[in-house]
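What follows is each chain in one-letter form.
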Amino acid sequence: LRLLASFKYSRNAHTGEYFLGSLAQPPWYYYFLYFFVTTPPAFLVAFAVSVAYLVVKGSSIKSFGQKENYLPIAFIWFLIPFIASVLGLKQDGVRYVFTYFPPLAILVGFGFGQFQMYVKKKIIKYLVYVVAFVSVGWSLFNFSPYYLN
């Protein structure tokens, strides 16, 4: 009961947070937007492929024994930090929701694997991986030397 009562004190940061060009208290969608802005576009596409596969194939937790049985678990694992972030303090970029990176890597890897299976031309396969590598490199270049935000 005390834990729930303490949430009213953790709703606001001690100082404001720069978000979308202004210093203010971050809104509920702070981490969601940060995720979409800081994740390389090729990874977002691969993530979308994984989510689409989950929706279309209807993979569920009941599918244990099949090769995709980890997908619904990885997706739930991915969502938990974002759901929890709605309750509490929002500040300092994505460091409070870093726990979504492992399931994101799993889902992105699966998305790239699905792409690899369905695209037959080798040049397109390699081009997609080059674009993914360059987009990650570009992100690192933009945020160097401290790799913040």
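To be clear, the structure that these remarks concern was listed above.
One structure accompanies this document, and this report is about it. (Residues numbered from 1 in each chain as written. Predicted model: local features only at pLDDT ≥ 70, side-chain atom pairs only at ≥ 80, totals over all residues. Heavy atoms only, no water.)

## What to know about the packing of aromatic side chains
Evaluation of the coordinates by the stated rule reveals 11 aromatic pairs. Taken together, a centroid distance of 5.0 Å and an interplanar angle of 70° make the contact between F35 and F36 edge-to-face. Here F35 falls in the buried class, since its relative accessible area comes to 2%. The class of F36 is partly exposed, set by a relative accessible area of 47%. Here the aromatic rings of Y53 and F110 are separated by 4.9 Å at their centres, their planes lie at 65°, and the arrangement is edge-to-face. Taken together, the residues Y53 in helix α3 (residues 41–57) and F110 in helix α5 (residues 101–118) connect sequence positions 57 residues apart. (Phe/Tyr/Trp six-rings, centres within 6.5 Å; stacked < 30°, edge-to-face > 60°. Buried < 20%, exposed > 50% of the residue type's maximum accessible area, 1.4 Å probe, protein only. Helix = DSSP H or I, 4+ residues; strand = E, 2+ residues; numbered from the N terminus.)

## Quick word on the nonpolar core
One finds F78 and L104 to be the most contacted residues of the largest nonpolar core, which totals 21 residues. Among the secondary structure elements, those contributing two or more residues to this core are α2 (30–38), α3, α4 (71–85) and α5. In this structure F78 touches F35, F47, Y100, P103, L104 and L107, once residues within four positions along its chain are discounted. (Core = buried A, V, L, I, M, F, W, Y, C linked by side-chain atoms within 4.5 Å. Contact = heavy atoms within 4.5 Å.)

## Description of the side chain of K125
Within the element layout of this structure, K125 appears in helix α6 (residues 122–143). Apart from residues no more than four positions distant in its own chain, K125 is found in contact with F115, Q116, V119 and K120.

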